[in-house]
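# A look at the structure
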Amino acid sequence: MPYEVFLAFRYLRSRRKRRLARATSIAAVVGICMGVAALIVAFALSNGFRDEMKDKILQGTAHLTVVRADGRPIENHAELARRLREVNGVVSASATTYDGAIARGSKGTGYAVLRGVENDQASRWLKEGSFAPLFAQSELPNAVVGADLAARIGISIGDVFQIIPANDQVTRRLRVAGTFRSGLFEYDSTWIYVAFAGDNHAASVMSVQISDADNVKEVAANVSKLLGGGYTLIDWQQANQPLFSALALERRMGLFIIGLIIAIATLNITTMLILVVVERRRDIAILRALGATRAGVMLVFIIEGAVAGAIGAITGVFLGLLLCLIGNHYKLVSLPADVYSISNVPLTPRLTEMFLAALVAFVLSVLATIYPARAASRLRPVEALRDS
């Protein structure tokens, strides 16, 4: 074993180390550990929030929306849907309408969005009841209402309530066939699913679902070539760009601040090694007198600081993972749904990000050893032995 490695580990375990140096060593390791753990939790929280928002949005909205460029309704929606389904990557295409309305129940009124659908595409969100009555013949049209909207205006399954569409002054009556909960407050508090009237009515938009939502740009380009310039395409990334841009900015700022915390924690390693150098002046002088090079002396203290940083980084990774598991098990990250749209955020750690957090902490730890290691290598043996 090289003497530099032997001495570095010997100094780390030394019982002769003064209390201040020992306390500083412990503080350095704990500081790096906590910083790495905080960085991993911040990464996981950012990932969980972004993924949860993305999943909720993609479940309830079209991956690709097709509208006429002149803003007029789509008359030939059945033929257009058939052509869209022929595009490679498109799973389904259906006509959809969106209309603003006022919903009135036994407890009061509330703003609503009437979404006309051709199938039970949102059945995964169903809380109570069924989508089937929407597409069956009945005396009164049926609807599936967002759970928060239903609670606010005081309606439940089987109740009849009134709606006043924004583009029509005639009051309509609907029967509640079910309620849904998507997890997104905007949908649960405003949306009402109703049956699209079919071939006899024009569609507002065409909702297109694709097999890989992340590949939406390529599919949109193929659809644009097929349809020409008479239609405008809006993919889910464009529609939600402000949201994801804000999340990205928040992520960068949060990670920058935690990175500064880790950098400050690594300064404890500098302090620790300065104290060790002062404490080991006689040992350093003897090493130099025996022929140790300046590079060898520097390497002793660099290894000592690197080992402390590595211990802190590795324990920080395990601590961060443990905190993520505890947070997910007990659902500790709860948010007001009316502000953040989702009520609970899962912590989603990723291997590459954990490795990056540990690597950054380790590199900063090594950089923090340079000054005290150079100071140790420049000690003159004669002066150090004379003063000891």
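Attention here is on the structure that accompanies the text. (Residues numbered from 1 in each chain as written. Predicted model: local features only at pLDDT ≥ 70, side-chain atom pairs only at ≥ 80, totals over all residues. Heavy atoms only, no water.)

Bridging between strand E1 (residues 64–68) and strand E9 (residues 205–210) involves three bridges; their strand directions are antiparallel. Directly across from Leu64, in E9, lies its bridge partner Val208. Across five bridges, the pairing between E1 and strand E10 (residues 231–235) is antiparallel. Directly across from Val66, in E10, lies its bridge partner Leu233. (Pairing = 2+ DSSP bridges. Helix = DSSP H or I, 4+ residues; strand = E, 2+ residues; numbered from the N terminus.)

An α-helical turn contains 3.6 residues, so any two residues separated by three or four positions project in the same direction. Looking only at helix H1 (residues 3–13), the buried set comprises Glu4, Leu7, Ala8 and Tyr11. For H1, the angular spread of the buried residues around the axis is 105°, confining them to a single face. (Buried < 20%, exposed > 50% of the residue type's maximum accessible area, 1.4 Å probe, protein only. Arc of directions from axis to C-beta.)

The next subject is unusual backbone geometry. If you check the backbone angles, Lys331 has positive phi at about 50° while not being a glycine. Of note, Lys331 is situated in the loop between helix H10 (294–330) and helix H11 (337–340). Overall, the relative accessible area of 54% leaves Lys331 in the exposed class.

Time to look at the packing of aromatic side chains. Considering all chains together, one arrives at eight aromatic pairs under this definition. Relative to Phe244, the ring of Trp236 lies with its centre 6.0 Å away and its plane at 80°, an arrangement referred to as edge-to-face. Pair check on accessibility: Trp236 and Phe244 agree, each one buried. Pairwise contacts between aromatic rings join Tyr98, Trp125, Phe131, Phe180, Tyr187, Trp191 and Tyr193 into one cluster. (Phe/Tyr/Trp six-rings, centres within 6.5 Å; stacked < 30°, edge-to-face > 60°.)

In short, the description is geometric, and any link to function would need to be established separately.
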